[in-house]
Amino acid sequence: MDFSRRGFLKLTSAGVVGLSLGQLGLDLKPATAYAAGLKIEGAKESISICPFCSCGCNFLVHSKGGKIVSTEGDPDYPVSEGSLCCKGAAMLSMHVGGHRITKPMYRAPYSDKWEEKDWDWMYDRIARKIKDTRDKYFIEKNDKGQVVNRCEAIFQAGTSQMDNEECAVHHHMLRALGMVNMDHQARICHSATVPALAESFGRGAMTNHWIDIKNANAILIMGGKAAENHPISFKWVLKAKAKGAVVMHVDPVFNRTSARADFHVPLRSGTDIAFLGGMIHYILENDKYFKEYVVNYTNAPMLVNSGFGFQDGLFTGYDPKSRTYDKATWTFQMDENGIPIRDESLQDPNSVFQLLKKHYSRYTLDKVSDITGVPQDKIIKVYEAYTATGTKNKAGTIMYALGWTQHTVGVQNIRTSAMVQLLLGNIGIAGGGINALRGEPNVQGSTDQAILWHILPGYNPVPKAGQDTLEQYLDACTPVSHDPKSANWWQHRPEYVVSLLKAWYGDAATKDNDFCYSWVPKCDPGEDYSYIYFYDRMYKEKIKGGFVFAHNPCQSVPNTHKARRAMDNLEWLVVGEIHHTETSDNWQRPGVDPKKVQTEVFLLPSAQRGEKDGSITNSGRWLMWHYAAVPPIGDCKTMGDMIVDIMNRVKGLYAKEGGAFPEPLVNMAWPEKYDAEAVAKQNNGFFTKDAKVGSKSYSKGQQVPSFTALAGDGSTACYNWLFGGSYTEEGGNKAKRRDLSQNDLEAKLGLFPNFSWAWPVNRRILYNRASVDPQGKPWNPEMPVISWNGEKWVGDVPDGGWAPMAHKDGKYPFIMHTHGFGQLFGPGRVDGPFPEHYEPVETPVKSHPFSKQLSSPCYKFVESDMDVLTAPADPKFPIVLTTYAVTEHWCGGAETRNTPNLLEAEPQSFVEISHELAEEKGITNGDVVIVESARGKVEAVAMVTVRMTPFKIQGRTVHEVGMPYSFGWTTPGCGDATNRLTPSVGDSNTGIPEYKCCLVNVRKADKVTELARK
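Residues numbered from 1 in each chain as written. Predicted model: local features only at pLDDT ≥ 70, side-chain atom pairs only at ≥ 80, totals over all residues. Heavy atoms only, no water.

Student: Looking at this model, I keep getting lost on the overall build of the protein. Mind explaining?
Tutor: If you tally the helices and strands in the protein, you get 31 helices and 44 strands. With respect to the three principal axes, the spread of C-alpha positions in the protein is 85 × 80 × 75 Å. Here the protein holds 1014 residues, and the buried ones make up 65% of them. A separation threshold of at least 6 residues defines the contact pool for the protein, and within that pool the share at least 24 residues apart is 74%. Carbon and sulfur atoms make up 51% of the accessible area of the protein, which totals about 34,100 Å². The average position of the 111 basic charges and that of the 114 acidic charges among the side chains of the protein differ by 1 Å. (Helix = DSSP H or I, 4+ residues; strand = E, 2+ residues; numbered from the N terminus. Buried < 20%, exposed > 50% of the residue type's maximum accessible area, 1.4 Å probe, protein only. Contact = heavy atoms within 4.5 Å. Areas by Shrake-Rupley, 256 points an atom, 1.4 Å probe, with all protein chains shown as cover. Lys, Arg positive; Asp, Glu negative; His and termini not counted. Charge placed at Lys NZ, Arg CZ, Asp CG, Glu CD.)

Student: Is there a simple way to think about the nonpolar core in this case?
Tutor: One finds Ile130, Leu470, Leu501, Phe547, Met647 and Trp721 to be the most contacted residues of the largest nonpolar core, which totals 107 residues. Broken down by element, the residue count for this core peaks at nine residues, all from helix H24 (residues 639–657). If we ignore the near neighbours within four places in the chain, the residues touching methionine 647 are Met173, Ala176, Leu177, Leu665, Met668 and Trp670. Of all hydrophobic cores here, the second largest spans 88 residues; its members include Leu220, Phe275, Tyr289 and Val411. (Core = buried A, V, L, I, M, F, W, Y, C linked by side-chain atoms within 4.5 Å.)

Student: Which parts of the structure should I look at to understand empty space enclosed by the protein?
Tutor: Regions of empty space are outlined by a rolling probe, equal in size to a water molecule, passed over the atoms. Inspection of every chain in the model, using the stated rule, returns eight cavities of 30 Å³ or more. Of the volumes computed, that of the second largest cavity is approximately 80 Å³. Lining of the second largest cavity is provided by Cys50, Phe52, Cys53, Cys55, Gly56, Cys57, Leu84, Cys85, Lys87, Gly88, Pro231 and Ile232. For the lining of the second largest cavity, the class distribution of residues is nine nonpolar, two polar and one charged. (1 Å grid on protein atoms, 1.4 Å probe; cavity = no way out; pocket = protein on both sides within 12 Å on 5 of 7 lines; lining within 4 Å. Points joined across faces, edges and corners; volume = space filled by probe spheres on them. Nonpolar A, V, L, I, M, F, W, Y, C, P; charged D, E, K, R; others polar.)

Student: Is there a simple way to think about the sheet that holds strand S8 (residues 154–157) in this case?
Tutor: Whether parallel or antiparallel, the strands of a sheet pair through hydrogen bonds between backbone atoms. The seven strands lie next to each other as S5-S4-S23-S22-S21-S8-S9, forming an open sheet whose pairing is mixed. Every other strand in the sheet has two partners, leaving strand S5 (115–116) and strand S9 (182–183) as the edge strands with one partner each. Where S8 meets S9, two bridges bridge the pair, whose relative direction is parallel. If you follow alanine 157 over to S9, its bridge partner there is aspartate 183. The sheet contacts of helix H4 (residues 119–137) involve strand S4 (105–107), S8, strand S21 (545–549), strand S22 (572–577) and strand S23 (600–605), and relative to S23 the element is tilted by about 130 degrees. (Pairing = 2+ DSSP bridges. Axes fitted to C-alpha atoms, helices over the stretch in contact; angles between N-to-C directions.)

Student: Sorry if this is basic, but what is going on with the sheet that holds strand S2 (residues 58–64) here?
Tutor: Spatial ordering of the open sheet is given by S1-S2-S3, a layout of three strands whose pairing is antiparallel. Looking at the sheet topology across the chains shown, the edges are occupied by strand S1 (44–49) and strand S3 (67–73). Across the sheet, the mean angle from the axis of one strand to that of its neighbour is 30 degrees, orientation sign disregarded. Judged from the six bridges that link them, S1 and S2 form a sheet pairing that is antiparallel. What sits directly across from serine 46, in S2, is valine 61.

Student: Explain the pairing of S2 to me, please; I cannot follow it from the model alone.
Tutor: Successive side chains on a regular strand alternate, one facing one side of the sheet and the next facing the other. The buried fraction of S2 is high, at six of seven residues. Here S2 runs beside S3; their pairing, made up of six bridges, is antiparallel. Residue pairing for S3: phenylalanine 59 is matched across the bridge by glycine 73.

Student: Got a minute to help me understand the packing of aromatic side chains in this structure?
Tutor: Here the distance between the centres and the angle between the planes together describe a pair of aromatic rings. The final tally for this structure, using the stated rule, is 53 aromatic pairs. Each ring, one from phenylalanine 290 and one from tryptophan 779, has its centre 4.9 Å from the other, and the planes form 65 degrees; the classification is edge-to-face. Placement of the pair is phenylalanine 290 in the loop between helix H11 (272–285) and helix H12 (291–297) and tryptophan 779 in the loop between strand S32 (757–758) and strand S33 (786–788), with a sequence separation of 489 residues. Of the residues examined, tryptophan 779 reaches a relative accessible area of 7% and is grouped as buried. (Phe/Tyr/Trp six-rings, centres within 6.5 Å; stacked < 30°, edge-to-face > 60°.)

Put into structure tokens, the structure is as follows:
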């Protein structure tokens, strides 16, 4: 008889307990009777997925009579093996707790109360508000007279809590309405990840997966706290450590992650590039790089345009008036065939390698120590331990999170780490890669599905004004390579975009009308429609209404005072939520008279995770299905239901009344009812006419077998090309797969290729063609990800099925890049092809040792009477503030603060300060203190601790304090948003705000407050 692990545990646990008690001479009859009455006896068991971090832990839901009675970790989920963190363990109370909204709630303009309404009333009024606003403010042409067909008066914020299928219809809805002011959680947590990793390797996702961490020989955790914020991931760190891996943690705060590392290195927030730039200098000066890998698989040998240069902190082409670069010199020298010229000796002064060496020659040990505050001996300890992986038989992995992303140089923080990994040969191999620790279960999937202003699903760029035809758009964003060894995979963009348009507009999309491309809204070049910008527009009364789904921007957006005030200007707001939040209830926040706030609010009660079907994509790109154990409680609905039903009402109004540019609405291919399974099929893609792929014939309406079958002639329709192969005629819905079987090699690496499905094409380790030498033999035969047997690849799904690079028909391994190589020189970023240390916008120093340019010359910002910045080294605000999360709470904390056991564990906001700073300020542990920046102040309880230590920067002491960001006013006595302190400044490439370092002062509160009384 075959047993699953879970079945075995069920059988043996009862047997072992019974045996031990029986041997003690106890009467087992009463125990047996009690066991027969266990609450899960006769219960239905369903699989769901934790709605918190991106480990995607599966949990089991037991239900009886339509009610959930128990939840527990799923032992058959390979990543968690049945474990859950404290948030995952609280799933039962999160589903059945009394805090949930179970009825649609309406707040009339200037009202001081909520009213219950039925769904039909809410839907009809929401549809009317959408149509009236869109009709009144629709923009057909921009100021230059270019056709843009967009609506700027409506915004969207959220969400990573939607399933992949909900995200697909949601993006469809937003673009059909013509919306451009749209973003979700990824913008403010991990938006820096995608352009950094994509610029370096070709794709913007975690390169390996959670289990693969166990294969590393060295683990650098920097810019994140894996043990706290992704607890289940940390078990794989500890398994690697148990096998001899060196674990190092570089972070301003000593915490649980530090405690289990081999050593902890504190550094000042905002100096990561200096630290990593010093590591690049160390690698190059001490020949620690993996030369064969660097020469064959990176662009190190390529010759850069001789006009390229760098001086005083600026690259060539900088315009101080526009604060932008002309990147004409950031190009490669080409031969007569249009192929980049290479010098494999790496000696040419114009080679990327020599330019890299020159650029980081300034990053000497003494300068790095002087600006980061890290003693030189501790710096060397990290450099030596990690660079030891630059050999064939060693692997090093990097784990990071918001400590790297949330900076004005967030993209370049990650780029620097990617360059380290390329130099050491750590990309594509088992135990290598860069692990982006994403913070929500489906932030990967919702980014893939592009609930973001700047991309369409599958990482296709949003069309720009001036790209009037589909041909013009595709010409602008489809790369061309003349090198026969370059796969240049983005050459297939036309197939993916046309298939997307066919999915959106069905039979209306034909070749004769450019597949309805003109219906897609166009953004103005140079404009930014991300959070800090559209909240600025909202503050200036340019936005009239919008949607917030499973998101709490009145907690999460920087300079929260301004964000909350901006939302007072809205005429209407639709909020889809599980509970009341600081956003849904913004109209009645402390200090505000509701009778002066005009916003009409529609609060829609949402289903919890265990009450709906759908898939999520964890950080390792595993697509996994969860099931509805019970129907949603009360009158709650899934967000997919809300979106489809609202849009059907809007479509009905346009069909009846007409209005501004109705074509994309009345002609959209839209379901009458939301069905997650049906949308999953559309995500995969299907044939719109009979077709043949290879030797197999498919009929119209059948699923495509892979994204390689997608066509640019309208014969296929697909919501997202990345999902091609996830739901096929042959394999069904592969997100539902739970087969734990592996061969010996797969088991050694922990690939689990038959459990769920990973994009693309079930590949578990990206760029794995770089794990072998040019002949196809694994660099490390003991840990082969793939290998060439002379005829085909064996092992993981190869990253491109061509022969190895050295073969006649072989291809370079980084197939998503135009030239086929990992990019040490990255010309696609707006702020420089090499990362350079720049100080945070609010910095405690007036200069740094690497150049005269203090802060990033291209960082993003907005200007208003509420956007005040502190000058460098301002004595009024001498202390660096960094923010972080705690294990017991999640993001803005609205859900976890409404879970009693989690709130009891972490009941109130605190500020973590060193003993030295506490003595200087006359503060003792437990005092209520005021933390103040140029934008506002918050109260917090002082936590005086050795976990924070002062830094010696340029010969003087600089103090840093840390605060969690999970507390808000809707939970009495716990404090309010830390983001009342943070500035609206953002990364040059993505606009992700600089939450991780700003300047504050701290003082003891001079009166007893509610926080103190609690």
